[in-house]
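Listed below are the residues making up each chain.
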Amino acid sequence: MMKYTLHTMASEHREAVMNIFNYYIENSMSAYRQEMLPLEAFDRFLKLTEKYPAYVAQAEDKSVMGFGFLSAHKDIVEFSHTAEFTCFLHPDNLGVGLGGAILTRLEGEAKKAGITNILASISSFNDRSLVFHEKHGFQQCGRFYAVGEKNGRRFDTIWMQKLLN
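What this report covers is the structure whose coordinates are included nearby. (Residues numbered from 1 in each chain as written. Predicted model: local features only at pLDDT ≥ 70, side-chain atom pairs only at ≥ 80, totals over all residues. Heavy atoms only, no water.)

With that out of the way, let us pick up the pattern of salt bridges. Within this structure, the stated rule accounts for six salt bridges. Here Asp-43 makes a salt bridge to Arg-14, at a shortest N to O gap of 2.9 Å. Here Asp-43 is found in helix α2 (residues 42-48), whereas its partner Arg-14 is found in helix α1 (residues 14-27), with 29 residues between them in sequence. With a relative accessible area of 38%, Asp-43 lands in the partly exposed category. For Glu-50, the salt bridge identified is with Lys-47, shortest N-O distance 3.5 Å. Each member of the pair, Glu-50 as well as Lys-47, carries the same accessibility label: exposed. (Salt bridge = Lys/Arg side-chain N within 4 Å of Asp/Glu carboxyl O. Helix = DSSP H or I, 4+ residues; strand = E, 2+ residues; numbered from the N terminus. Buried < 20%, exposed > 50% of the residue type's maximum accessible area, 1.4 Å probe, protein only.)

Next up, the structure:
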């Protein structure tokens, strides 16, 4: 695997992050959307992560290898100890430990902020993500059947949870 460093996600990462996210919109069931998103959609990611950690993994040549962030599960104080995890990697960087490194960094930041629960919503067609989350200590805690439809295929959303100690 290429050497990389984690950097706080910022406007300078807009195009690379959206290219990665749009790859998954276009080529998989991992990102729920059907239509590719414009660069301006990155502003929504920044808004979601205003109070939460968000990182990009950058290679030595400054290319973005992937990104991950935490965001509010419910944006009310009663749920302030719970966050949702989102992570997408450039397809060339799957299965090499990068997602785990991003998750580990986010978990460390979460603990410092008093977050004790991390949730992830995963498409039932995304076996690779289900295995990743299970490998990293998440457990399935819920499933909503046939709630989504993309490209004429209905899918379930599987919720996974990790309790932080």
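Helix length check: α1 (14 residues) gives 20 Å between terminal C-alpha atoms against 20 Å at 1.5 Å per residue, within 8%. If you check which residues of α1 are buried, you get Val-17, Met-18, Ile-20, Phe-21, Asn-22, Tyr-24 and Ile-25. Among the structural elements, α2, β2 (54-59), β3 (64-72), β4 (82-89) and β6 (139-150) are those in contact with the buried residues of α1. (Expected span 1.5 Å × (residues − 1). Contact = heavy atoms within 4.5 Å.)

Another aspect to go through is the packing of aromatic side chains. For the coordinates displayed, the defined rule picks out 10 aromatic pairs. Plain terms: the ring middles of Tyr-24 and Phe-88 are 5.4 Å apart, the flat faces sit at 45 degrees to each other, and that makes the pair tilted. Here the residue Tyr-24 occupies a position in helix α1, and Phe-88 occupies one in strand β4, the gap between them amounting to 64 residues. One exposure class covers both Tyr-24 and Phe-88, and it is buried. Note on Phe-45 and Phe-69: the rings are 5.4 Å apart at their centroids and 50 degrees apart in plane angle, and the pair reads as tilted. A residue pair is termed long-range when its members are at least 10 positions apart, and Phe-45 in helix α2 and Phe-69 in strand β3 qualify at 24 residues. In textbook terms, an aromatic cluster arises when at least three aromatic residues are bridged by ring pairs, as seen for Phe-21, Tyr-23, Tyr-24, Phe-45, Phe-67, Phe-69 and Phe-88. (Phe/Tyr/Trp six-rings, centres within 6.5 Å; stacked < 30°, edge-to-face > 60°.)

Taking strand neighbours across the sheet as the criterion, the seven strands line up as β1-β2-β3-β4-β5-β7-β6 in an open arrangement whose pairing is mixed. Lying at the two open borders of the sheet, with one neighbouring strand each, are β1 (4-8) and β6. Between one strand and the next, the sheet's axes are offset by a mean angle of 25 degrees, whatever the strand orientation. Pairing of β3 with β4, which is carried by seven bridges, proceeds in the antiparallel orientation. The partner of Leu-70 across the bridge, within β4, is Phe-85. Against the sheet, helix α3 (residues 98-112) engages β1, β2, β3, β4, β5 (117-123) and β7 (153-163), with an angle of about 35 degrees to β3. Against the sheet, helix α4 (residues 127-135) engages β4, β5 and β7, with an angle of about 160 degrees to β5. (Pairing = 2+ DSSP bridges. Axes fitted to C-alpha atoms, helices over the stretch in contact; angles between N-to-C directions.)

By size, the foremost hydrophobic cluster in this structure holds 25 residues, and its most contacted members are Leu-70, Phe-85, Ile-102, Ile-118 and Phe-138. Mapped onto this core, the elements with two or more residues apiece are β2, β3, β4, α3, β5, α4 and β7. Broken down by element, the residue count for this core peaks at five residues, all from α3. Sequence-distant contacts of Ile-118, that is, excluding residues within four places in its chain, are made with Leu-70, Ala-83, Phe-85, Glu-107, Ala-110, Phe-138, Met-160, Gln-161, Lys-162 and Leu-164. (Core = buried A, V, L, I, M, F, W, Y, C linked by side-chain atoms within 4.5 Å.)

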